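# Structure at a glance
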Amino acid sequence: MNAPALLDRVRTRLALEPGIPTRSGVAALVREESGGLLGDDDVLSAVREAVDELAGAGPLEALLRRPGVTDVLVNGPDQVWVDEGAGLARAPLGFADDDAVRRLAVRLAAAAGRRLDDAQPWVDVGLPDGTRLHAVLPPVSGSGTCLSLRVLRRCSRSLGELASVGALPGESESLVRAMIRTRLAFLVTGGTGSGKTTLLSALLGEVDPGERLVLCEDAAELTPAHPHAVRLLTRPANVEGVGEVTLRDLVRQALRMRPDRLVVGEVRGGEVSDLLAALNTGHDGGCGTLHANRPAEVPARLEALGVAAGLGRPAVHSQAAAALAVVVHLRRSPEGRRVEELGVVRRAGEFVVVEPGWRADGGPCPARDRLGELLDRGGGAS
């Protein structure tokens, strides 16, 4: 049987049906249209091809299925890149033309209930399977339709497992365990793909089972091995532009849910002011992740986010000094992802700074004694 003709018939039937095609629906149509003329192996092959084309990610589906893939990027019909954990590499596949890339982008956005067209030429949304989609259409994208797919691997690893693969060198494992035990407020920092979410999940798994965790996230990435974790998720506005739920909204709601630990999956906007305020009102042990290239840059990042949210510069630093104690910094290298530094947040005049309390490379640690004091008795920065 002619596979392209079969696919055309299935595509025609789907065009007459309402709603977004599902994998099971596409598979049923393939079996029906094949009329029993295909063998088992041919049916499975045809089903997979049709599902990938009509309800999956098309030519990109095979890349997304690979175990180690974190990102798939499309810069144009003949420029597909993939990151399997060791950096970006050109993928040996492509699309027929830019219209094919655009059709895929529009269909994926529609599957998540979002609009992507000339009037709304970009979209940033989580797909039903958890993959994060960002797409930009021409002429905003000068090189053709651009797709960025971030694969969120919801695998839960313990601190022991991370230590066994070298992610927690030297004393870092015992130090972060003590940090959790003494209920210090902390941020996990690092660049994109450095393993911040994986480490934060593992740290939350070490929290006393009697404590209640309230997680505020854009997408369900944190997977702590903890018996009492409540998850709150943001929601984009609908096509009418209403109904949006932001991280800032979630943080405010979480404070009314009797959290023992308030967790923000990624601090990247106005929610920083609510988080710092919460950590200053008796919510010990709160935490989150923050994009930062170095621990010393964390105060500047917090300042930028806080000022954008309406806080004055002195207020941001004053809140951060009282709220945060430790910064756990990760770095990604060709050898893997690992904790590079534990920094201590302290006040320096009107502002706060982050000084090394422990370093993987054995470099100078002016805050080593202060880190030891915090881990011995718990408490905030000063």
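Just above, that's the structure.
A few points on the structure. (Residues numbered from 1 in each chain as written. Predicted model: local features only at pLDDT ≥ 70, side-chain atom pairs only at ≥ 80, totals over all residues. Heavy atoms only, no water.)

## A look at the environment of Asp376
Its place among the elements puts Asp376 in helix H13 (residues 368–377). Classification of Asp376 as exposed rests on a relative accessible area of 68%. (Helix = DSSP H or I, 4+ residues; strand = E, 2+ residues; numbered from the N terminus. Buried < 20%, exposed > 50% of the residue type's maximum accessible area, 1.4 Å probe, protein only.)

## Some words on the packing of helix H10 (residues 271–279) against helix H12 (residues 313–323)
Packed helices, taken two at a time, are described by the angle their axes make and the gap between the axes. Contact geometry for H10 and H12: axes closest at 8 Å, N-to-C directions at 45°. Judged by the angle between their axes, H10 and H12 are oblique. The interaxial crossing formed by H10 with H12 has left-handed handedness. Between H10 and H12, the contacting residues are Leu276, Ala277 and Leu279 on the first element and Val316, Gln319, Ala320 and Ala323 on the second. Of the residues belonging to the contact of H10 with H12, the class tally is 6 nonpolar, 1 polar and no charged. (Axes fitted to C-alpha atoms, helices over the stretch in contact; angles between N-to-C directions. Parallel < 35°, antiparallel > 145°, perpendicular 65-115°, else oblique. Left-handed = near helix turned anticlockwise from the far one by under 90°. Contact = heavy atoms within 4.5 Å. Nonpolar A, V, L, I, M, F, W, Y, C, P; charged D, E, K, R; others polar.)

## Regarding helix H7 (residues 172–181)
All of the buried residues along H7 are Ser172, Leu175, Val176, Ala178, Met179 and Ile180. Backbone geometry just downstream of H7 places Arg183 in the positive-phi region, at approximately 60°.

## Observations concerning helix H5 (residues 98–111)
Helix length check: H5 (14 residues) gives 20 Å between terminal C-alpha atoms against 20 Å at 1.5 Å per residue, within 8%. Residues of H5 that are buried: Ala100, Val101, Leu104, Ala105, Leu108 and Ala109. For H5, the angular spread of buried residues about the axis comes to 165°, placing them on one side. Where H5 is buried, its residues meet strand S1 (71–76), strand S4 (122–126), strand S5 (132–136) and strand S6 (146–150). Where H5 begins, one side-chain oxygen reaches toward the backbone nitrogen of Asp99, 3.1 Å away; that side chain belongs to Asp97. The positive-phi residue at the C-terminal boundary of H5 is Gly113, with phi of around 80°. (Expected span 1.5 Å × (residues − 1). Arc of directions from axis to C-beta. Polar contact = N/O pair within 3.5 Å; in protein donor to acceptor, adjacent residues only side chain to side chain.)

## Describing the packing of helix H11 (residues 298–308) against H12
Between H11 and H12, whose axes approach to 9 Å, the crossing angle comes to 125°. Considering their axes alone, H11 and H12 lie oblique with respect to each other. Crossing of H11 over H12 shows right-handed handedness. Across the interface between the two elements, Pro299, Leu302, Glu303, Gly306 and Val307 of H11 pack against Arg313, Val316, His317 and Ala320 of H12. Looking at the contact of H11 with H12, its residues break down into 5 nonpolar, 2 polar and 2 charged.

## Observations regarding the sheet that holds strand S8 (residues 213–217)
Reading across from one edge, S9-S8-S10-S11-S7-S12-S13-S14 is the order of the 8 strands in this open sheet, with mixed pairing throughout. With one partner strand each, in any of the chains shown, strand S9 (229–233) and strand S14 (351–359) form the two edges of the open sheet. Here the average twist between neighbouring strands, direction ignored, is 25°. (Pairing = 2+ DSSP bridges.)

## Here's the deal with empty space enclosed by the protein
Following the criterion strictly, the structure yields 2 cavities of 30 Å³ or more and no others. Looking at the second largest cavity, its volume works out to about 40 Å³. Lining the second largest cavity we find Leu187, Val267, Val272, Leu275, Leu276, Leu302 and Leu324. Here the lining of the second largest cavity takes 3 residues from H10, the largest share from any one element. The residue makeup of the lining of the second largest cavity, split by class, is 7 nonpolar, no polar and no charged. (1 Å grid on protein atoms, 1.4 Å probe; cavity = no way out; pocket = protein on both sides within 12 Å on 5 of 7 lines; lining within 4 Å. Points joined across faces, edges and corners; volume = space filled by probe spheres on them.)

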